[in-house]
Amino acid sequence: MLYPNFEPFPHLTTDRLILRKLEIEDAPEVFVQRSDPTINKFIKRESAKNIEEAKEWILKVLNNEKNNESITWVICLKGETKSIGTICLWNIERVLDKAEVGYSLHFNYFGKGLMNEALMKVVNYGFEEMKLKRIDAYTNKDNTASLKLLQKNKFFRNLEFENDYENKDELEYNTIHTRLHSSKF
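So, a few notes on the structure that sits alongside this text. (Residues numbered from 1 in each chain as written. Predicted model: local features only at pLDDT ≥ 70, side-chain atom pairs only at ≥ 80, totals over all residues. Heavy atoms only, no water.)

## Thoughts on the side chain of Asn-40
The condition is simple: In this text, helices come from DSSP runs of H or I with a minimum length of four residues, and strands from runs of E with a minimum of two, each type numbered from the N-terminal end. Buried residues are those whose accessible area, probed at 1.4 Å on protein chains only, stays under 20% of the maximum for their type, while exposed residues exceed 50% and partly exposed ones sit between those limits. Pairs of N or O atoms within 3.5 Å make up the polar contacts considered here, provided that, within protein, one atom can donate a hydrogen while the other can accept it, and that residues adjacent in sequence are counted only when both atoms are side-chain atoms. Contacts are assigned to residue pairs with any non-hydrogen atoms lying within 4.5 Å of each other.
Secondary-structure assignment places Asn-40 in the loop between α1 (27-35) and α2 (51-66). You can call Asn-40 buried: its relative accessible area is 10%. At 3.2 Å, the side chain of Asn-40 and the backbone oxygen of Gln-33 are in polar contact. In this structure Asn-40 touches Gln-33, Arg-34, Ser-35 and Arg-45, once residues within four positions along its chain are discounted.

Shown next as structure tokens:
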């Protein structure tokens with residue numbers, strides 16, 4: 001059984017990125033991430049209407065981290081502090097030793113391999129530090145970039161889980177992909 005502890009917060013680095021703790025000062029960038037139609041084209045969620053809604057979301061995320069229920073990193077280019085995206089491990093199921101990964105990137109940074117760097121680092125953190133046995137990703141059927149990213153990172157479409165999944169409405173637009181701890185890079 002998992003007992004995640006996100007204190008102290010685990011800052012992560014890659015060749016080009018720093019993954020740091022989300023802060024209330026990130027609200028302007030979070031607002032863009034949660035409201036821009038290009039970024040949210042494949043995400044079925046209510047768009048943020050203003051900075052206050054972005055701040056509310058940040059406070060919710062920080063509370064979940066405090067309670068060790070999820071962890072969210074802000075993605076920044078090395079040498080900069082401005083958020084260009086987020087990546088998280090959430091929907092943690094302690095008994096099953098699994099979590100779901102979620103990610104979002106500002107459209108100015110699409111197609112540069114940055115999310116691949118972030119995903120590799122977060123998957124490694126999930127397996128090696130949190131001791132997860134499984135990480136799932138739910139992605140829109142039409143989001144070819146995300147599907148390629150998951151495939152590149154050894155996620156497979158989990159048809160067995162999809163068949164047993166209770167929320168069939170969600171499967172009208174999403175597919176579920178899984179990476180097991182035994183799937184090494």
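## Brief notes about the pattern of salt bridges
Our working rule: A pairing counts as a salt bridge when a side-chain nitrogen of Lys or Arg comes within 4 Å of a carboxyl oxygen of Asp or Glu.
Within the structure shown, the criterion is met by 10 salt bridges. Across the salt bridge formed by Lys-55 and Glu-52, the nearest N and O atoms sit 3.7 Å from each other. Here Lys-55 and its partner Glu-52 are both found in helix α2, three residues apart, which amounts to about one turn of the helix. For Lys-55, a relative accessible area of 29% translates into the label partly exposed. Given a relative accessible area of 46%, Glu-52 falls into the partly exposed group. Linked by salt bridges that have partners in common, Glu-93, Lys-98, Arg-134 and Asp-136 make up one network.

## Remarks on unusual backbone geometry
Glycine aside, a negative phi is what most residues show, and trans is what most peptide bonds show. Cis rather than trans, the peptide bond between Glu-7 and Pro-8 has omega equal to -10°. Here Pro-8 shows up in the segment before β1 (12-13). For Asn-68, which is not a glycine, the phi torsion comes out positive at approximately 55°. Within the element layout of this structure, Asn-68 appears in the loop between α2 and β3 (71-77). Look at Asn-68 and you get buried, because its relative accessible area is 17%.

## Details of α2
The cut-off we apply is this: A helix is expected to span 1.5 Å multiplied by its residue count minus one.
For α2, with 16 residues, the first-to-last C-alpha span of 22 Å sits near the 22 Å given by 1.5 Å per residue. Contacts from the buried residues of α2 go to β2 (17-21), α1 and β3. By the N-cap criterion, in which a side-chain oxygen at the helix start approaches the backbone nitrogen of a residue two or three places on, α2 is capped by Asn-50, the distance to Glu-52 being 3.1 Å. Looking one or two places after α2, you find Asn-68, whose phi comes out positive at around 55°.

## Quick look at the environment of Thr-13
The residue Thr-13 is located in strand β1 in this model. Assessed through its relative accessible area of 42%, Thr-13 is described here as partly exposed. C-alpha of Thr-13 to C-alpha of Val-122: the two residues are 109 residues apart in sequence and 9.9 Å apart in space. Contact partners of Thr-13, with chain neighbours within four places excluded, come to Ile-18, Lys-78 and Lys-121.

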